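# Examining the three-dimensional arrangement
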Amino acid sequence: MDEDRARAGFAEFVRAENAASTRFAYLLTGDRHHAEDLVQVALARVAIRWERLDDPGAYLRRVLYTQAASWWRRRRARPPEQLDGFVPERPAGPEDDTDLRVVLRAALARLTVRQRAVLVLRYYEDRTEAETAELLGCRVGTVKSQTRHALGRLRALAPELAELVGPAPQEVTR
Amino acid sequence: MTSRLSEALHGLADGVPAAAVPDELFDRARARRRHRRAATAGMLAVLVLLLGAGYALRPGPVRWPATADSTAPGLPTRLVDPPLRTATVGRSAPGAAAMLFGGPAVRDDWKENRMAVVAADTDRYRALAPAQRQIAGFEALLSPDGRYVWAGGLLYDLTSGRSAPAGMDGYPLAFAPDGKRLAYAEHDTFTPPNTYATPYVGLYDRDRHTDVLRMRVGSAWVAPGQAAVSPDGGELAVQVRDEVWLTRVVDAEPDGTVGPYRKLPLHGGRLPGAGSWLPDGRSVATLTRSTCTDCPVPSYPRTWRLETRTVADGTLVPGPAFPDLRSTTYVHLVGWRSADEAVALVGVPGPAAVDYPETHDIATSPYQEHGTASVQLMLLRRGATSPEVLFRTPAGVTELTVAASLAIDGTVRESGRPDFGPPPMWLVAAGAILTAIAGAAIQSVVAYLRRNRRRGVSGRK
């Protein structure tokens, strides 16, 4: 009886969260197929602990984030980083939103998983800094610093994203 | 500005379709979890069972009868270096031993405290590795009947493989001839910069589990191996600086404390170890030191001459002289065949030996005798021109002590094929691991060859 109730509750949860969690996973990984695998693994974990979870949605996002981080660590071939300050040559600046999205997607792939997760939770899911910190299991200060670093890195990787992420903060002198 | 970033992120992700989630995901995930738990529990149970069975079936010490019946006990004619795989006394008891020996051939960098024993009845070699380095014959002693090794505060019973605290807190000086009393020195005290002192010397009775005698030696340091218990176990002779102090159990206070009843001057000589008392118990042997001119080892002119003195007044016992022991690092008497025949262990100097003066500094203490290359078992006869060599240790064995009863009786047996006991567990484990690695390597090679053959066949087709 309890098992049937749990199964029904889980099915309801999947219906409600599947699309959002898939998009969250996609923004974390940048790959649809991998996002789908990630969601299935995370949902399986939620299913195992279903009766013990107070907030299954938060747990689902936490698992998605940790699994993405594990995968990112295990990944053998990482995209080569441009450490010399030169940005690889690309076609002329974006002419429309589609080009901008392509550039954004490529730039997101260059961020760390934590930076991506912070950006996605803050700007895609409109979570507060406190909520983001709770979901990722870190301090609010870490969320702030990771956000700043992520935006700065996007600016450095793709200057044409300045209109999305805003200009670099001005240095204050007295 | 960041609202534009939100819009862009939505533009990126909103078109992504929801992941396909199988209907049975809930049941399948839980079932997989249950199976994994059951498998883990099963593996743990098997592991516990294996460990328990291994513990229950562990090889225990092999008991050996105190009186071996394979061959007549005796001193072996040959000594071999015990290899690394030699079983320990604790794992496989050798039975009463004929010899306890050590040296560079027995120790190595891995087991730097290692010593070895060889049984009296056959060539069973077993290893001993006390917690601290002990020198066989000085800090590690073999009981006169060969049953016990006394080292590092422990008595190892070689017939059972068990060890137990010797009962007192000190380092060994000598076994009594019947093995029932142990002469020891309390652990020395150190006063910077370089002064060591022995608080007292004791005589411990193993049957009564108490000291029957305790003698304070002032601020002197008593070197290991420089004491002797009389044949009846009632008197103790100890070298204290340049004197031999004689003391009796019957003179002891109820708490065991006693002072010397006589002090024999040594004039630069020594008390020659546990066999110093003559069989009648009325005389004690001493060594006088001189230098030789036609020495076997010219760079080491130290020469020892054995003398016997009465304990009543310290006068020399008349009789022909014992032969001089030229170029000899130390002399330890094992016992007496008669009043005119002494059996002794004699240190032979190697090229690195330096003939230091008879000082008792800890760095060049007489008992260590750095540079001793081998040890000889000798018979010293009054009136003989030279000693008779009964046994000499092979190269690399620089420390030796023997079961006094066998050496005094002169029972010698022909050495046979050495037995080093069951292989140690680390060797078995290493063999199993190597076999597994070799098996895996062979399997990989076979699989590689098969793959290549298949490719060749399919390529030809």
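Residues numbered from 1 in each chain as written. Chains lettered and ligands numbered in written order. Predicted model: local features only at pLDDT ≥ 70, side-chain atom pairs only at ≥ 80, totals over all residues. Heavy atoms only, no water.

So, about the overall build of chain A. Secondary structure assignment for chain A yields 8 helices and 0 strands. In chain A, which comprises 174 residues, the proportion classed as buried is 43%. Sequence separation of at least 24 residues holds for 66% of the intrachain contacts in chain A that already meet a minimum separation of 6. (Helix = DSSP H or I, 4+ residues; strand = E, 2+ residues; numbered from the N terminus. Buried < 20%, exposed > 50% of the residue type's maximum accessible area, 1.4 Å probe, protein only. Contact = heavy atoms within 4.5 Å.)

For the rest of this paragraph, the subject is the interface of chain B and chain A. Taken together, the contacts link 26 residues of chain B with 38 residues of chain A. Interface area lost by chain B to chain A is led by Leu12, Phe26 and Arg30 of chain B, which between them contribute 21%. On the surface where chain B and chain A come into contact, there are 3 salt bridges. Here Arg30 of chain B ties to Glu3 of chain A by a salt bridge, and the two come within 3.1 Å at their closest N and O atoms. Viewed at the interface, chain A and chain B are joined by 11 residue pairs in polar contact (both at pLDDT 80 or more). Ranked by residue count, the leading element in the side of chain B that touches chain A is helix H1 (residues 2–13) of chain B, at 10 residues. Here the residues of the side of chain B that touches chain A are counted per class, giving 16 nonpolar, 5 polar and 5 charged. (Buried area = accessible area lost by both parts, 1.4 Å probe. Salt bridge = Lys/Arg side-chain N within 4 Å of Asp/Glu carboxyl O. Polar contact = N/O pair within 3.5 Å; in protein donor to acceptor, adjacent residues only side chain to side chain. Nonpolar A, V, L, I, M, F, W, Y, C, P; charged D, E, K, R; others polar.)

A few words on helix H5 (residues 113–124) of chain A. All names here are of chain A. Most of H5 is tucked away, with 11 of its 12 residues classed as buried. Of all the positions in H5, only Val113, Gln115, Arg116, Ala117, Val118, Leu119, Val120, Leu121, Arg122, Tyr123 and Tyr124 are classed as buried. The first or second residue beyond H5 is Asp126, which carries a positive phi of 55°.

Let us look at the sheet that holds strand S8 (residues 163–165) of chain B. Across a sheet, strands are paired by hydrogen bonds formed along the backbone, either parallel or antiparallel in direction. All names here are of chain B. The strand order across the open sheet formed by 4 strands is S5-S6-S7-S8, and the pairing between neighbours is antiparallel. The open sheet is flanked by strand S5 (140–142) and S8, the only strands paired with a single partner. Strand-to-strand twist in this sheet, taken as the mean axis angle between neighbours without regard to direction, amounts to 20°. (Pairing = 2+ DSSP bridges. Axes fitted to C-alpha atoms, helices over the stretch in contact; angles between N-to-C directions.)

Residue and element names in this part refer to chain B. Of all 8 residues in strand S22 (residues 331–338), 6 are buried; the element is thus mostly enclosed. Taken together, the 6 bridges between S22 and strand S23 (residues 341–349) define a ladder with antiparallel strand orientation. Across the sheet, the residue bridging to Leu333 is Ala344, located in S23. Here S22 hands over to S23 after 2 residues, the two strands then running antiparallel side by side.

Turning next to the packing of helix H1 (residues 2–29) of chain A against H5 of chain A. Residues and elements named next belong to chain A. With their axes 9 Å apart at the nearest point, H1 and H5 run at an angle of 140° to one another. Taken together, H1 and H5 sit at an angle that is classed as oblique. Handedness of the crossing formed by H1 with H5: right-handed. Contacts between H1 and H5 involve Arg23, Phe24, Leu27, Leu28 and Thr29 from the former and Val113, Arg116, Ala117, Val120, Leu121 and Tyr124 from the latter. Its residues assigned to classes, the contact of H1 with H5 shows 8 nonpolar, 1 polar and 2 charged. (Parallel < 35°, antiparallel > 145°, perpendicular 65-115°, else oblique. Left-handed = near helix turned anticlockwise from the far one by under 90°.)

We now examine unusual backbone geometry. Although it is not a glycine, His267 of chain B sits at a positive phi angle of roughly 55°. A residue is classified by how much of its surface remains accessible, and His267 of chain B, at 65% relative accessible area, is exposed.

A few words on the UniProt feature "transmembrane region" (unreviewed entry) in chain B. The sites that carry the UniProt feature "transmembrane region" (unreviewed entry) are, in the present numbering, residues 38–57 and 425–449 of chain B. In this annotation, residues 425–449 of chain B is assigned 100% helix and 0% strand; the end-to-end C-alpha distance for the span is 36 Å. (UniProt positions renumbered as here; feature names shortened; annotations may be inferred.)

With that settled, the discussion passes to the nonpolar core. Counting 62 residues, the largest nonpolar core has Phe10, Leu27, Leu64, Leu104 and Leu161 of chain A as its most contacted members. Not counting the four nearest positions on each side in its chain, Leu27 of chain A is found in contact with Leu108, Arg116, Val120 and Tyr124 of chain A together with Leu9, Leu12 and Ala13 of chain B. Judged by nonpolar contacts, the second largest core, of 42 residues, contains Leu79, Ala97, Ala140 and Phe420 of chain B. (Core = buried A, V, L, I, M, F, W, Y, C linked by side-chain atoms within 4.5 Å.)

Time to look at the layout of surface pockets. There is about 510 Å³ of room inside the largest pocket. Lining the largest pocket are 32 residues; nearest its centre among them are Ala274, Gly275, Leu333, Val334 and Ala404 of chain B. Secondary structure elements with two or more residues in the lining of the largest pocket: S5, strand S9 (170–175), S22, strand S26 (399–402) and helix H3 (404–409) of chain B. Considered class by class, the residues forming the lining of the largest pocket number 23 nonpolar, 8 polar and 1 charged. Computed from the structure, the second largest pocket encloses a volume of approximately 370 Å³. In terms of lining, the second largest pocket is formed by 14 residues, of which the most central are Val41, Ala44 and Ile48 of chain A together with Ala29 and Arg32 of chain B. (1 Å grid on protein atoms, 1.4 Å probe; cavity = no way out; pocket = protein on both sides within 12 Å on 5 of 7 lines; lining within 4 Å. Points joined across faces, edges and corners; volume = space filled by probe spheres on them.)

Okay, the packing of aromatic side chains next. For the structure shown, the criterion picks out 10 aromatic pairs over all chains. For the pair Phe10 of chain A and Phe26 of chain B, a centre-to-centre distance of 5.2 Å together with 40° between the ring planes defines the contact as tilted. Pair noted here: Phe10 of chain A is in helix H1 and Phe26 of chain B is in helix H2 (residues 25–56), and the two residues belong to different chains. You can call Phe10 of chain A buried: its relative accessible area is 4%. Centroid distance Phe101 of chain B to Tyr125 of chain B: 6.2 Å. Interplanar angle 85°. Geometry classified as edge-to-face. Residue Phe101 of chain B is located in strand S2 (residues 97–102), and its partner Tyr125 of chain B is located in strand S4 (residues 125–128); the two are separated by 24 residues in the primary sequence. (Phe/Tyr/Trp six-rings, centres within 6.5 Å; stacked < 30°, edge-to-face > 60°.)

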